[in-house]
Amino acid sequence: MDQEKASAILSSIEMKMSAVLERNHGKIPAVARNGKYDNRADESIRWDDDNGIAWWTNGFWGGLMNQMHVLSGKGYYIEECMGSEELMDRCFSSPSFMGLHHDTGFMWLPSSVFRFVLTGDREARRRGLEAATLLSGRFNPEGFIRAWNADGDNLRNGWVIIDSMMNISILFWASKETGDPRFRKIAERHADSVMKAFIRENGSVRHIVEFNAETGAFEREYGGQGYAEGTRWTRGQGWGIHGFTNTYLHTGESRYLEAAKRIADSFIISIPENALIPVDFDQPETPWYEDSTAAAIASSGLLTLAEASGKNEYAEAASRMLDALSSKRADLSPETDGILQKCTGSYHGTNDREINFTYADFYFIEALMKITGQYIRIW
Ligand code: GLY
């Protein structure tokens, strides 16, 4: 995709988002079904329910607002992001705190940290540092950041998920911001453990790994939102490409660049002819579910990886996916909420297949802004 085309799509997106914001001001949407957003800040959702204000994607609404501000310079987008951060402040106090997991990077990087970068607002900085501190508190000195809290009797003390490679960017930011190396050291220890335990012989990444919480030894892998245990959940591959590339940029350590390239090489040879990405590269032909989030996340990661590695084939693969998304899966109408269609939370989910997610739109826009040269690096 060339710069002119990406720029034209971004203009249409900004026009759409201005109308979308008018309809949804004061909400924190996560999902659009039939062109209508939900609202995760709805006070009727229990405070300790992690589908509510502590939902892992809540920072992407503010993130979309920040992106729109970069594209248009309009102040009301920044105001909306700030309002969403104020709503999310409920997470820093009990009982919503109990709904927080390792996703504090996803929650406060696109929102607060991005807005801090744009405006220098000290409250946004404070939120980013609180989020980084909470994430650091999940570090097990055996070398990994614990993903989730206990689920009933299942303590999940040693569980780690590939998505965490994105969340650690907030630790690198916090170290730079404060001059304190602790955050960065935790991020590097975690990245090394993920690199060792998650990347398979064929270059694909596992979804969830359980480490022994006392010794740090690898115990086993689990399937999750993909087709089955041992298969290639595409969004996870995307998190791996994006996350290891960012970790390389933060540290300059070539082992992370090599990890990102291995995952990317295994991803790009599996892209289907039509460049629309399934939920899992190993899913059966029927039922066939797509996941546009995987395409958007991988595209954004591949664009940066192409620059970091000097290998243009990564940018070409991203371009094919972005062309397919924009021509077949992007709803640019101002009348409806949500841009990318056919986003899937989980292959076996009942209520989250082939809908729209705010974070898909965020990464789609991020990739387009990389092409137009308007991307402001936050990861
Ligand atoms: N972080 C969960 C997911 O990617 O669906």
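Reference entry: report on the structure contained in this document. (Residues numbered from 1 in each chain as written. Predicted model: local features only at pLDDT ≥ 70, side-chain atom pairs only at ≥ 80, totals over all residues. Heavy atoms only, no water.)

### Side note on the site of the ligand
For clarity, the threshold we go by: The nearness test applies per residue and asks whether one of its heavy atoms lies within 4 Å of the molecule or strand. Any pair of nitrogen or oxygen atoms within 3.5 Å is treated as a polar contact; in protein, a donor-acceptor pairing is required on top of that, and neighbouring residues in sequence qualify only through side-chain atoms on both sides. Only the protein chains shown count as cover for residues, with accessible areas throughout obtained via the Shrake-Rupley method and a probe of 1.4 Å. For cavity detection a 1 Å grid was placed over the protein atoms alone, and a set of points counts as a cavity when a 1.4 Å probe fits there but cannot get out; an open set counts as a pocket when protein lies on both sides within 12 Å along at least five of seven lines, with lining residues being those that have an atom within 4 Å of a point. A pocket or cavity is taken to hold a molecule when more than half of that molecule's atoms are within 2 Å of the pocket's grid points. Any residue outside Ala, Val, Leu, Ile, Met, Phe, Trp, Tyr, Cys, Pro, Asp, Glu, Lys and Arg is labelled polar, Gly included; the first ten of those are nonpolar and the last four are charged.
Surrounding the ligand, one finds Trp56, Asp163, Gln225, Trp233, Arg235, Trp239 and Tyr359. The separation between an oxygen atom of the ligand and a polar side-chain atom of Gln225 is 2.7 Å. Within the side chain of Arg235, an N or O atom sits 2.6 Å from an oxygen atom of the ligand. Here the ligand loses 92% of its free accessible area of 200 Å² to cover by the protein chains. Spatially, the ligand is embedded in the largest pocket. Here the shell around the ligand is built from residues that sort into four nonpolar, one polar and two charged.

### Examining unusual backbone geometry
Negative phi values dominate among residues other than glycine, just as trans dominates among peptide bonds. Applicable threshold: The secondary structure listing takes helices from DSSP runs of H or I that are at least 4 residues long and strands from runs of E that are at least 2 residues long, numbered from the N terminus.
Thr286 connects to Pro287 through a cis peptide bond whose omega is -10 degrees. Inspection of the secondary structure assignment puts Pro287 in the loop between α10 (254-268) and α11 (292-309). A positive phi angle, close to 50 degrees, is found at Arg156, a residue other than glycine. Inspection of the secondary structure puts Arg156 in the loop between β4 (144-145) and β5 (159-161).

### So, the nonpolar core
When a protein is soluble and globular, its nonpolar side chains tend to lie buried together. Inclusion rule: The set of buried Ala, Val, Leu, Ile, Met, Phe, Trp, Tyr and Cys residues whose side-chain atoms join them within 4.5 Å is what this entry labels a nonpolar core. Only protein chains enter the accessibility calculation, which uses a 1.4 Å probe; a residue is then buried when its area is under 20% of its type maximum, exposed when over 50%, and partly exposed in between. The contact criterion used is simple: two residues touch if any of their non-hydrogen atoms lie within 4.5 Å.
Among the nonpolar cores identified, the biggest contains 119 residues, and Met17, Ile170, Leu171, Leu302, Tyr363 and Phe364 are the most heavily contacted of them. If you tally residues by element for this core, the top one is helix α13 (residues 358-372), at 10 residues. Residues contacting Met17, with those up to four places away along its chain left out, are Trp61, Leu64, Met65, Met68, Tyr77 and Ile339. Trp148, Trp159, Ile161 and Ile208 belong to the second largest nonpolar core, which has six residues in total.

### Section: the packing of helix α7 (residues 169-178) against helix α8 (residues 182-198)
Operational definition: Only the stretch in contact is used when a helix axis is fitted, and all axes are lines through C-alpha atoms; the angle between N-to-C directions ranges over 0 to 180 degrees. Any angle between 65 and 115 degrees counts as roughly perpendicular, while under 35 counts as roughly parallel, over 145 as roughly antiparallel, and the rest as oblique. Left-handed describes a crossing in which the near helix is turned anticlockwise from the far one by less than a right angle; the clockwise case is right-handed.
As a packed pair, α7 and α8 sit with axes 7 Å apart at the nearest point and diverge in direction by 155 degrees. Compared by their axis directions, α7 and α8 come out roughly antiparallel. The crossing of α7 and α8 is left-handed. Note on element contacts: α8 touches α7 through Arg182, Phe183, Arg184, Ile186, Ala187 and Glu188, opposite Leu171, Phe172, Ala174, Ser175 and Thr178.

### Examining the sheet that holds strand β2 (residues 36-37)
Stated formally: Any two strands with at least two DSSP-identified bridges between them are counted as paired.
Spatially, β2-β1-β8 is the arrangement adopted by the three strands of the open sheet, whose pairing is antiparallel. The open sheet terminates on both sides in strands that have one partner only, identified here as β2 and β8 (356-357). Bridge count for strand β1 (residues 31-33) against β8 is two bridges, and the pairing is antiparallel. Looking at β8, one finds that Ala32 is bridged to Asn356.

### What about helix α12 (residues 312-329)?
To keep things clear, this is the line we draw: Take the residue count of a helix, subtract one, and multiply by 1.5 Å to get its expected span.
Compared with the 26 Å implied by 1.5 Å per residue over 18 residues, the 25 Å span of α12 between its first and last C-alpha is a close match. Buried residues of α12: Tyr314, Ala315, Ala317, Ala318, Ser319, Met321, Leu322, Ala324, Leu325, Ser326 and Arg329, and no others. On its buried side, α12 packs onto α1 (3-24), α10, α11 and α13.

### Some points on the sheet that holds strand β7 (residues 218-222)
Spatial ordering of the open sheet is given by β5-β6-β7, a layout of three strands whose pairing is antiparallel. Edge positions in the sheet fall to β5 and β7, since each has one partner strand and no second. Averaged over neighbouring strand pairs, the angle between their axes works out to 25 degrees when direction is ignored. Here β5 pairs with strand β6 (residues 208-211) via three bridges, running antiparallel. Its bridge partner being in β6, Val160 is matched across the sheet by Val209. Packing of α8 onto the sheet brings it into contact with β5, β6 and β7, and relative to β6 it is tilted by some 110 degrees.

### Some remarks on the side chain of Lys16
Relative to the assigned elements, Lys16 resides in helix α1. Relative accessible area serves as the criterion here: at 0%, Lys16 is assigned to the buried category. Here Ser333 takes part through its backbone oxygen, which lies 3.0 Å from a polar atom of the side chain of Lys16. Apart from the residues within four sequence positions on either side, Lys16 is in contact with Asp331, Leu332, Ser333, Pro334, Thr336, Asp337, Gly338 and Ile339.

### Points about the side chain of His190
With respect to the element layout, His190 can be found in helix α8. What makes His190 buried here is its relative accessible area of 0%. If we ignore the near neighbours within four places in the chain, the residues touching His190 are Gly143, Phe144, Ile145, Val160, Ser164 and Ile168.

### What about the environment of Arg255?
By secondary structure assignment, the location of Arg255 is in helix α10. Between the C-alpha atoms of Arg255 and Gly373, which are 118 residues apart in sequence, the distance is 27 Å. Excluding residues that lie within four positions of it along the chain, Arg255 makes contacts with Glu188, Asp192 and Met195. In this structure the side chain of Arg255 is engaged in a polar contact, spanning 3.0 Å, whose partner is the side chain of Tyr256.

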